Amino acid sequence: MNKSPDAQRPPPQSYGAASMERIVSLCKRRGFIFQSSEIYGGLNGCWDYGPLGVELKRNLKNYWWCVMVHERDDVVGMDGSILMNRAVWKASGHEDTFSDPMVDCRSCKARLRADQIIEKKGVLQCPNCGGKDLTEARPFNLMFKTYVGATEDESSITYLRPETAQSIFVQFKNVLEVSRKKLPFGIAQIGKAFRNEINPRNFTFRSREFEQMELEYFCRAGEGMRLLDYWLQERLKFYENIGIAREKLHARNVPDEERAFYSKGTYDIEYDFPFGRQELEGVAYRTDYDLSQHQNASGKSLEYFDEEMKQRFVPHVVEPSAGVDRTVLALICEAYSEDEAPDEKGKMETRLVLRFHPRMAPIKCGIFPLLRNNAQLVAKAKEIIDLLRPHMNIFYDESGAIGRRYRRQDEIGTPFGVTVDFETLGEKDAALRDTVTLRERDSMKQERVAISDLAGILGSRIS
Ligand code: GAP
């Protein structure tokens, strides 16, 4: 279970360090992601999602839940507690082996991950001070320890969960009984996980508090390898359906020496982030290791009874395990772009656009009365708000020139804009009464549509 560091691969050509800086700055400026506890200097590895970030994250989690649970007959959900009996972490192996090897530099007192130590002419050196007086590598457990109850002693120790998966394994029997599912079937969960990462980095990519979206898909031993491939393909499709370009996604077949000893096959789904190709999700065939460990440690049967074969056995499991925060970061990196567009006077200027898939966009449609001091235009715009609000998250903006308002929405990835103008009031041409301009973010194309058709048109383009 040793956590091997993500292999650092070179960034793809189209990105540079500058674009990551711009992305981080946009995230703060427009309210996607803030540093946690910022007014006190922050807390390393922890992040807060602002008004737009929380919408983006929610859209992602809702879509995952829809595809992985609601649209399938063979998957049910659960929501486990973050704190569990310490015995869970002993049985799963996390207490003994969920660690990174660490080295201390006796010269500058830095504590470093073993893979950060540099070697020059065959001599190991501290990357901070160049010192050669280093300790042996020692394991450092990544779980956050805490105490349950009033006394802080050995008997009250437990941990904040480092993955959501274990609560699925320990509830396997209960969920099986209440859902009356037959193999193969899965249990899905979305929730917080905590790891005391030695070196949180790359914005939210490696955090100490993050969310996972995990599916444990239970099956017979003979089906494991086929289902591993099946889930890899399903998961790749998922990323494409949220707007991640297929050519920036990579399925890495994890070699034997990097795989957990109990896994018969693992793929990492990787994405070309601006800082290099890095893991978004792991899809692992974990055999019957987890259920067997908990069955042995708890003394409670976690077997499945196959009525047709009249056989009792511990099921195997295939696990697609994705990170919410990493996927949100990938969505933002993928969407970020700069192009050229004419300003109010027709002069070309740089336009910053987040090209989110409409399904993921935090706000689906901006609504703009051409002039804010015209009561009829404003009243019509408010009618449109009432019409659309039950169907989607909308944003009303009446301040500034219309071009500026479009730009503000482009920058946060709003895919559609509706402008109420004098033609809507029927002032120029009675045939255009109750029609509006519908503008599309990426192409900037505008079309005239009837207000009564708006909900239908937008609904079909967003889903
Ligand atoms: N149950 C299996 C498991 O937890 P993992 O590869 O350690 O496997 C699964 O984690 C996913 O959780 C990763 O692919 C990643 O998306 C996310 N994840 C893991 N550690 C993370 C961290 N420190 N910060 C953000 N996301 C993380």
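Criteria and thresholds
- The residue numbering used here restarts from 1 in each chain and proceeds along that chain's sequence as written.
- Only residues with pLDDT of 70 or above have their local features reported here, since the model is predicted, and side-chain atom pairs are shown and tallied only from 80 upward, although totals for entire chains, interfaces and linings are computed over all residues.
- Based on all heavy atoms of the structure, the side-chain values leave hydrogens and waters out of the count.
- In these notes, residues near a molecule or strand are those with any non-hydrogen atom within 4 Å of it.
- A 3.5 Å cut-off defines polar contacts: any pair of N or O atoms within that distance qualifies, except that in protein one atom must be a possible hydrogen donor and the other a possible acceptor, and neighbouring residues in sequence count only when both atoms are side-chain atoms.
- Secondary structure follows DSSP: runs of H or I at least 4 residues long count as helices, runs of E at least 2 residues long count as strands, and numbering of each begins at the N terminus.
- Any two strands with at least two DSSP-identified bridges between them are counted as paired.
- Structural elements are reduced to axes, namely lines fitted to C-alpha atoms, with helices fitted over the stretch in contact, and the angle between N-to-C directions of any two is expressed from 0 to 180 degrees.
- It only takes one pair of heavy atoms within 4.5 Å for two residues to be counted as in contact.

Here the focus is the site of the ligand. In the vicinity of the ligand, 21 residues are found, and the nearest of them are Glu-163, Ser-207, Glu-214, Glu-279 and Leu-280. Glu-197 places a side-chain nitrogen or oxygen 2.8 Å from a nitrogen atom of the ligand. Secondary structure elements with two or more residues in the shell around the ligand: strand E12 (209-219), strand E15 (276-287) and strand E18 (316-323). Among the elements that line the shell around the ligand, the one with the most residues is E15, at five residues.

What follows concerns unusual backbone geometry. For the bond running from Leu-183 to Pro-184, omega is -5°, close enough to zero to count as cis. Of note in this structure, Thr-287 is not a glycine but carries a positive phi near 55°. The topology assignment puts Thr-287 in strand E15.

Next up on the list: the sheet that holds strand E5 (residues 111-113). Pairing in this open sheet of three strands is antiparallel, and the strands run E5-E4-E8 from one edge to the other. Both edges of this open sheet fall to E5 and strand E8 (138-141), since each of them pairs with a single strand only. Taking each pair of neighbouring strands and ignoring which way they run, the sheet shows an average axis angle of 50°. In terms of strand pairing, strand E4 (residues 99-104) meets E8 through four bridges, oriented antiparallel. Opposite Ser-99, over in E8, you have Asn-141 as the bridge partner.

By way of backbone hydrogen bonds, the strands of a sheet pair with one another, either parallel or antiparallel. Here we have five strands laid out as an open sheet, ordered E22-E21-E23-E24-E25, and mixed in their pairing. Each edge of the open sheet is held by one strand with a lone partner, namely strand E22 (394-396) and strand E25 (446-450). Neighbouring strand axes in the sheet, compared pairwise and without regard to direction, differ in orientation by 25° on average. Pairing between strand E23 (residues 416-420) and strand E24 (residues 435-440): four bridges, direction antiparallel. Its bridge partner lying in E24, Val-418 is registered against Leu-438. Here helix H10 (residues 375-388) sits on the sheet and contacts strand E21 (365-369), E22, E23 and E24; the angle it forms with E21, its principal contact strand, is near 160°.

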